[in-house]
Amino acid sequence: SLSSCDNSGIIAVGNADGTAAILSAEASSFDSSRVSNMLTWKAHEGSTVRSIAQCPGNGIVTGGGDGIIRVWRLSSKPSSPAFDSHPGTKFFISAESTKPELVAELRGHTGAVVSLSCGCDGRLVSGAHDGTIRVWDLDLTKNKPGEKIKTIRRDARYAVLGHTVWLGSTYADAERIICDGANNVLLEYDFTAQADDADM
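Per chain, residue numbering runs from 1 following the sequence as it is written. In view of the model being predicted, local features appear only for residues whose pLDDT reaches at least 70, and side-chain atom pairs are presented and counted only at 80 or more, with totals across whole chains, interfaces and linings using the full set of residues. Hydrogens and water are ignored here; the side-chain numbers use all heavy atoms of the structure.

J.: Sorry, what's going on with the overall build of the protein chain here?
T.: Per the convention used, a helix needs a DSSP run of H or I reaching at least four residues, while a strand needs a run of E reaching at least two, with both numbered from the N terminus. For the protein chain, the helix and strand inventory stands at 0 helices and 16 strands. In this scheme, a residue with accessible area under 20% of its type's maximum is buried, one over 50% is exposed, and one in between is partly exposed, where area comes from a 1.4 Å probe on protein chains only. For the protein chain, buried positions account for 44% of its 200 residues. Contacts: residue pairs with any heavy atoms within 4.5 Å of one another. Excluding contacts between residues fewer than 6 apart, the proportion of contacts in the protein chain whose partners are at least 24 apart in sequence is 51%. Accessible surface, the protein chain: about 10,700 Å² in total, of which carbon and sulfur atoms supply 51%. Calculation of accessible area relied on Shrake-Rupley with a 1.4 Å probe; when residues are assessed, cover is drawn exclusively from the protein chains displayed.

The structure is reproduced here in structure tokens:
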């Protein structure tokens, strides 16, 4: 799995061996002789990383083949700018970069988490091979780096159930969720319409 972010200037990669990695999007970082420009850590022990996404608050979210979602925060020195709070700045990866801190674990899916979307502020949308989409509260910007916020949450804000096939990918923003499935059907859930009093 792969995720890129213009704001951070990094590419995040999820691997079949359960590791995750980030590297600079600069062309020079793909030089195999410059391994210092890649940071790798074990994200899912005994499982694969099936999906990965970046979120505000210097966050990296990984979805595992085990159905578990893990939320990580990239560590940066106090003097280093945070990429999501200073437009135009980048997150720098160096030999001194440390493994991201695990700040939350989200449990609820019973199948591989194959899609993650952080396109809606303060929310994470996940899709899995259990046929469900789940929406989680997730806002790392409210917590200072180093603040302990690790939690194990089993209840999403809400779940979209009833799919009878594997989900392939999801997209989310403030107004809609779009997903596709193994049956080649694209579904859109639109939250912009106001409910009629008769429907309430």
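J.: What's the story with the nonpolar core in this structure? I'm lost.
T.: Most often, soluble globular proteins have nonpolar side chains that are buried together. Throughout, nonpolar core names a set of buried Ala, Val, Leu, Ile, Met, Phe, Trp, Tyr and Cys residues whose side chains join them through atoms within 4.5 Å. Counting residues in hydrophobic clusters, the biggest one holds 17 residues, and the most contacted among them are Val61, Ile69, Val71, Leu116, Leu124 and Leu138. Mapped onto this core, the elements with two or more residues apiece are strand S5 (49-55), strand S7 (69-73), strand S8 (101-106), strand S9 (113-117) and strand S10 (123-128). Counting residues per element, this core draws most heavily on S8, which supplies 3 residues. With residues near it in sequence (within four places) discarded, leucine 138 still touches Cys55, Val61, Val71, Gly122, Arg123, Leu124 and Arg153. Grouped together as the second largest cluster of nonpolar side chains are 12 residues, Ala20, Leu39, Val49 and Leu74 included.

J.: What is the right way to read the side chain of serine 117 from this model?
T.: Here serine 117 lies in strand S9. Look past the residues within four positions of serine 117 in its chain and what remains in contact with it is Arg123, Leu124, Val125, Thr170, Tyr171 and Ala172.

J.: I would appreciate a short explanation of the pairing of strand S4 (residues 38-42) in the present structure.
T.: If a strand is regular, its side chains alternate between the two faces of the sheet. Alternating positions in S4 separate cleanly, Leu39 and Trp41 being buried on one face and Met38, Thr40 and Lys42 remaining unburied on the opposite face. Sheet topology note: the strand S3 (residues 19-24)/S4 ladder contains 5 bridges and is antiparallel. Paired with threonine 19 across the bridge in S4 is lysine 42. Pairing between two strands requires that DSSP report at least two bridges joining them.

J.: It is not clear to me how unusual backbone geometry should be interpreted in this structure. Could you clarify?
T.: For residues besides glycine, phi is generally negative; the peptide bonds are generally trans as well. Phi at asparagine 58 takes a positive value of approximately 60°, unusual for a residue other than glycine. Take asparagine 58: it is sitting in the loop between S5 and strand S6 (59-64).

J.: Mind showing me how you'd approach the pairing of S3 here?
T.: Of all 6 residues that make up S3, 6 are buried, and the element is covered over most of its length. The two faces of S3 match: Thr19, Ala21 and Leu23 on one face and Ala20, Ile22 and Ser24 on the other face are all buried. Bridge analysis of strand S2 (residues 10-14) against S3 gives 5 bridges, and the strand direction is antiparallel. Bridged to isoleucine 10 within S3 is serine 24. In textbook terms, the turn of a hairpin is the stretch between consecutive antiparallel strands, and for S2 and S3 this stretch comprises 4 residues, one of which, glycine 18, has a positive phi near 90°.

J.: Quick question: what am I supposed to make of the sheet that holds strand S16 (residues 186-190) here?
T.: Through backbone hydrogen bonds, the strands of a sheet pair up, either in parallel or in antiparallel fashion. With antiparallel pairing, 3 strands are arranged side by side in an open sheet as S14-S15-S16. Unpaired on one side and paired on the other, strand S14 (167-172) and S16 mark the two borders of the sheet. Recorded for the sheet is a direction-independent mean angle of 15° between the axes of neighbouring strands. Axis lines are fitted to C-alpha atoms, over the contacting stretch for helices. Their N-to-C directions set the angle, which ranges from 0 to 180 degrees.

J.: Where do I start with the state of the cysteines in this structure?
T.: Every disulfide links exactly two cysteines, by a covalent bond between their sulfur atoms. The term disulfide is used for any two cysteine sulfur atoms that are within 2.5 Å. Counted by the stated rule, this structure contains 0 disulfides. A disulfide-free cysteine, cysteine 118 has its sulfur positioned 4.6 Å from the sulfur of cysteine 55, the nearest such atom. What makes cysteine 118 buried here is its relative accessible area of 17%.

J.: Quick question: what am I supposed to make of the packing of aromatic side chains here?
T.: Two aromatic rings, taken as a pair, are described by how far apart their centres are and by the angle between their planes. Ring pairs are drawn from Phe, Tyr and Trp, using the six-membered ring of Trp, whenever the two centres fall within 6.5 Å, and their geometry is named by plane angle: stacked under 30 degrees, edge-to-face over 60, tilted for the rest. In total, this model carries 1 aromatic pair according to the counting rule given. Taking the centre distance of 5.9 Å and the plane angle of 65° together, the rings of tryptophan 41 and tryptophan 72 count as edge-to-face. Linking tryptophan 41 in strand S4 with tryptophan 72 in strand S7, this pair joins segments that are 31 residues apart in sequence.

Purely geometric numbers; function is a separate question.
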